[in-house]
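Remarks on the overall topology
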Amino acid sequence: MREVKRIGVVGTGVMGQGIAYQAAVSGFETWMYDARPEALEKALEQIAALVKRQKEKGFLRDEPGDVLGRLRTARSLGELSECDFVIEAVTEDLAVKHSVFRELDGVCAPDVVLATNTSAKSITEIAAAAAMPERVVGMHFFNPVHRMELVEVVRGLESAEWAVEQTEGVGRSLGKETIRVNERPGFATSRISAMIGNEAFYMLMEGVSSAEEIDKAIKLGLHFPMGPFELGDLVGWDTRLHVLEYLHQTLGEKFRPCPLLVQYVRAGRLGKKVGRGVYEYDEEGRRIPGSASGR
Ligand SMILES: NC(=O)c1ccc[n+]([C@@H]2O[C@H](COP(=O)([O-])OP(=O)(O)OC[C@H]3O[C@@H](n4cnc5c(N)ncnc54)[C@H](O)[C@@H]3O)[C@@H](O)[C@H]2O)c1
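What counts, and where the lines are drawn
- Residues numbered from 1 in each chain as written.
- Predicted model: local features only at pLDDT ≥ 70, side-chain atom pairs only at ≥ 80, totals over all residues.
- Heavy atoms only, no water.
- UniProt positions renumbered as here; feature names shortened; annotations may be inferred.
- Helix = DSSP H or I, 4+ residues; strand = E, 2+ residues; numbered from the N terminus.
- Rg over C-alpha atoms; globule rule 2.2 N^0.38 Å.
- Contact = heavy atoms within 4.5 Å.
- Areas by Shrake-Rupley, 256 points an atom, 1.4 Å probe, with all protein chains shown as cover.
- Near = heavy atom within 4 Å.
- Polar contact = N/O pair within 3.5 Å; in protein donor to acceptor, adjacent residues only side chain to side chain.
- Nonpolar A, V, L, I, M, F, W, Y, C, P; charged D, E, K, R; others polar.
- Domains from an automatic or database assignment.
- Expected span 1.5 Å × (residues − 1).
- Buried < 20%, exposed > 50% of the residue type's maximum accessible area, 1.4 Å probe, protein only.
- Pairing = 2+ DSSP bridges.
- Axes fitted to C-alpha atoms, helices over the stretch in contact; angles between N-to-C directions.
- Patch = residues over 30% accessible without salt bridge, like charges linked within 9 Å, V, L, I, M, F, W, Y side chains within 5 Å.
- Salt bridge = Lys/Arg side-chain N within 4 Å of Asp/Glu carboxyl O.

Per an unreviewed UniProt entry, the chain is named 3-hydroxybutyryl-CoA dehydrogenase, and its organism is Kyrpidia spormannii. Per UniProt, the comment on the chain under Sequence similarities (unreviewed entry) is "Belongs to the 3-hydroxyacyl-CoA dehydrogenase family."

Now the structure itself:
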């Protein structure tokens, strides 16, 4: 199996930057590419800020300069040709993912695994765009990547055993626990969390209680670490909606997206990444007290 020293990350939004941080902290030379240069710049800034915070809290063994020194930015996918393992974290849209995999296939050596961080989509369908679908594997990280312990490793119809094992090995090298999942829509985790977030929105729409009270109920009554609105704001409601639409299409009526959730996405209330979702956030990303929307 190929020794992994350089990791490529494609798409440096919420997840890509978290994965790139984790790879650099874990000692890998980390190549980052995004179709929007401003997203790449923002990712570098956010990673530098996170490195600083983690060092101050005593969570980082290495010097910040050493971690940041392992980060490289690419101006095209072609510059990822020397990478030993590539993780795609672009927008949750099949056409976008297909174009990335088609191009990566021509760029990377045949023994390089092309992993996708899709939250719920079919690995088999994503892999269909690649000339070598056997090297495409699901590698599902959780947000925020540096804090969450799990990576779901998802085997598509054509995923080869060597590629699945390589993905599990890289997951462990990034300090994560892994579980293996045979592909079904939503894997083991997104299926449950999408349903809870959607149900919480139905409850908000029906006036069962306020968003803050529903979050409080789920945290204190059911012992979840975060409420469904807090979590959805963190994940991004646009990403949540993409997942729900896909689960609705593949698993049926029980996943029909709540109309109020759809309205939030149409209004641009996408969550923490844009400063407002169900709650509002200041420039540092801290929640503004009392900012929960009434409905
Ligand atoms: N947000 C979460 O909590 C979460 C958790 C697990 C998995 N995921 C999955 O991770 C992936 C990324 O989600 P996100 O929340 O980081 O989204 P995001 O919108 O924050 O970032 C996506 C990035 O992809 C870039 N991009 C779009 N097209 C591209 C292309 N052709 N080439 C290169 N870059 C391109 C965009 O410019 C953007 O910076 C999705 O598949 C999502 O389902 C998200």
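This part covers the overall build of the chain. What the chain contains, in helices and strands, is 11 helices and 8 strands. In terms of C-alpha radius of gyration, the chain reaches 19 Å, essentially the compact-globule figure of 19 Å for 295 residues. With the principal axes as the frame, the chain shows a C-alpha extent of 55 × 45 × 35 Å. Partitioning the contacts of the chain with sequence separation of at least 6, the portion at a separation of at least 24 is 65%. Carbon and sulfur atoms make up 51% of the accessible area of the chain, which totals about 13,900 Å².

Moving on, we come to the UniProt feature "domain: 3-hydroxyacyl-CoA dehydrogenase NAD binding" (unreviewed entry) in the chain. Here the UniProt feature "domain: 3-hydroxyacyl-CoA dehydrogenase NAD binding" (unreviewed entry) sits at residues 7–183. With 40% helix and 21% strand, residues 7–183 has its two end C-alpha atoms placed 24 Å apart.

Looking now at the site of the ligand. Residues in close proximity to the ligand total 26 residues, the closest being Met15, Asp34, Glu92, Lys97 and Ser119. Between the ligand and methionine 15, the relevant distance is 2.8 Å, taken from an oxygen atom to a main-chain nitrogen or oxygen of the residue. Relative to its unbound accessible area of 830 Å², the ligand is 88% covered by the protein chains. For the shell around the ligand, the elements supplying multiple residues, two or more each, are α1 (14–25) and α4 (94–107). It is α4 that contributes the most residues to the shell around the ligand, 3 residues altogether. Residue classes in the shell around the ligand are distributed as 12 nonpolar, 9 polar and 5 charged. Two domains each provide a minimum of three residues to the shell around the ligand, namely domain 1 (6–182) and domain 2 (190–292).

For the rest of this paragraph, the subject is helix α6 (residues 161–173). For α6, built from 13 residues, the straight-helix expectation of 18 Å at 1.5 Å per residue is met to within 8% by its first-to-last C-alpha distance of 18 Å. Listing the buried residues of α6 in full gives Ala163, Val164, Gln166, Thr167, Glu168, Val170 and Gly171. Its buried side turned inward, α6 meets β1 (6–10), β4 (85–88), β5 (113–116), β6 (136–140), β7 (150–155) and β8 (177–182). Directly beyond the C-terminal end of α6, a positive phi value near 80 degrees is found at glycine 175.

Take the sheet that holds β1 next. One open sheet accounts for 8 strands, arranged β3-β2-β1-β4-β5-β6-β7-β8; its pairing is mixed. Every interior strand has two partners, whereas the edge strands, β3 (71–73) and β8, have only one. Averaged over all adjacent pairs, the angle separating strand axes in this sheet is 25 degrees, with direction ignored. As defined by bridge partners, β1 adjoins strand β2 (residues 29–33) across 5 bridges and the pair is classed as parallel. Bridge pairing in β2 links isoleucine 7 to threonine 30. Taken strand by strand, helix α2 (residues 37–56) contacts β2 and β3, and its axis lies near 140 degrees from that of β2. Contacts from α4 reach β1, β4, β5 and β6 within the one sheet, and its direction differs from that of β5 by about 170 degrees.

Here we come to a nonpolar patch on the surface. The grouping of Ile192, Ile196, Leu222 and Phe224 at the surface amounts to a nonpolar patch, some 350 Å² of accessible area in total. Mapped onto the elements of the fold, isoleucine 192 is located in helix α7 (residues 190–205). With relative accessibility at 52%, the residue isoleucine 192 sits in the exposed group.

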